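# A structural walkthrough
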Amino acid sequence: MVSIKDIASECGVSIATVSKALNNHKDVSQATKTVIQETAKRMGYLPNYQARALKTNRTYNLGVLFAEKAQSGLMHSYFAAVLNSFKNEAEANGYDITFISHNIGKNPLTFYEHCVSRNVDGVMVANVDDYEDEGIAELLKSSIPVVTLDYKTDKNPAVISDNYRGIQTLVNYVYGKGHRKIAYIYGDTASVTARRLDSFRDTLKSLNIEIREDYLLQGNYHDPKTTEQLAAQLVKMSDPPTCIVLPDDFSALGALTAFEKLGLSVPDDISIVGYDGIVLSQVLNPKLTTFRQDTEKLGAEAAKRLISLITKETTEDDGFVSVEGCLLEGASVKELT
């Protein structure tokens, strides 16, 4: 394996100069940097990250804890997009990614123990349904830098998608199309769900629309089967809604299946809106009206905040960043006269 010493000998400079050039220090001229960097590439030099870790007390390894009830993992389009953006920002800053779980091989570990075992510099916690879980709580209270996604704690910086505004935007849009009988199939019990449900109720109240409890049904995120059953239940009511707000775009597949079985057409017989703005929403027939969450900014901001926390450019009590999204107008909402 080629060493810094080998490169120094080849270039006729000191080991310290090679080290500075490879780390792009300002006190080495650009001409010298170019010669050293090109020589290192020609000789097949690769940095020794273990030695770097010993010197800097950092491994340049970020943990990602991703856990949700549906267990859809990276098949979940919305979170896959967020994690991809997080990964791109992390890699641009020289970091690798490790997924944190309860096991390494067949050895059961807590989330905290896994982080310590992998020696991560910090962790992003995303889409956890139960932040009161003993394993999650242990990690959040530990000395490991942690940034949470869509959940605020008293200790950890957070990146929050503006779910309140998202639902508010959708309901106002539906109202503007003439709908007054608006139902909501909401997701699993979680802080995000509570925020969206509060927004739904508040927005209806501000529009002087009756809040009907029989129009509010709890389903699951990323679960077309459950949504199919609940959507069918709503349209079979003696006084059915004219529009249904769905838990997410993927669940719209279930609603569309239910309506097809019942001989109903979207939007002629029943209108629907989704949430997330994933690619699927824009290729459905009809194209789904939905609220697009800014996955690129969410993931990038989470990585930036975590790296700043690790490098102590920010502190644990710096609060949260709120990220706004936007309405994607499709063809799934009928205009009522």
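Anyway, here's the lowdown on the structure attached to this text. Computed from a predicted structure; not experimentally measured. The written sequence of each chain sets the order in which its residues are numbered from 1. Local features in this predicted model are restricted to residues whose pLDDT is 70 or higher, and side-chain atom pairs enter the listing and the counts only when it is 80 or higher, whereas totals over whole chains, interfaces and linings include all residues. Based on all heavy atoms of the structure, the side-chain values leave hydrogens and waters out of the count.

### Notes on the sheet that holds strand β9 (residues 216-218)
Here, strands pair whenever DSSP counts at least two bridges between them. Helix and strand definitions follow DSSP, with helices as H or I runs of at least four residues and strands as E runs of at least two, each counted in order from the N terminus. The parallel open sheet is built from 4 strands, whose spatial order is β9-β8-β10-β11. Only two strands of the sheet have a single neighbouring strand rather than two, namely β9 and β11 (271-273). The sheet shows a mean angle of 20° between the axes of neighbouring strands, direction not considered. Pairing of strand β10 (residues 243-245) with β11, which is carried by 3 bridges, proceeds in the parallel orientation. Its bridge partner lying in β11, I244 is registered against I272. In what follows, residue pairs with any heavy atoms lying within 4.5 Å of each other are defined as contacts. Axes, fitted as lines to C-alpha atoms, cover a helix only where it is in contact. Angles between the N-to-C directions of the axes lie from 0 to 180 degrees. Sheet strands in contact with helix α9 (residues 191-206) are β8 (182-186), β9 and β10, and its direction is about 175° off that of β8.

### Digging into the pairing of strand β7 (residues 158-161)
By the alternation rule, side chains of β7 split into A158 and I160 and V159 and S161, which are all buried. Bridging between strand β6 (residues 146-149) and β7 involves 2 bridges; their strand directions are parallel. Bridge assignment links L149 to a residue of β7, and that residue is V159. Across 4 bridges, the pairing between β7 and strand β13 (residues 320-323) is parallel. Residue pairing for β13: S161 is matched across the bridge by V323. Per-residue accessibility, obtained with a 1.4 Å probe over protein chains only, is compared with the maximum for each type, and a residue is labelled buried under 20%, exposed over 50%, and partly exposed between these values.

Nothing here speaks to function; it is all geometry.
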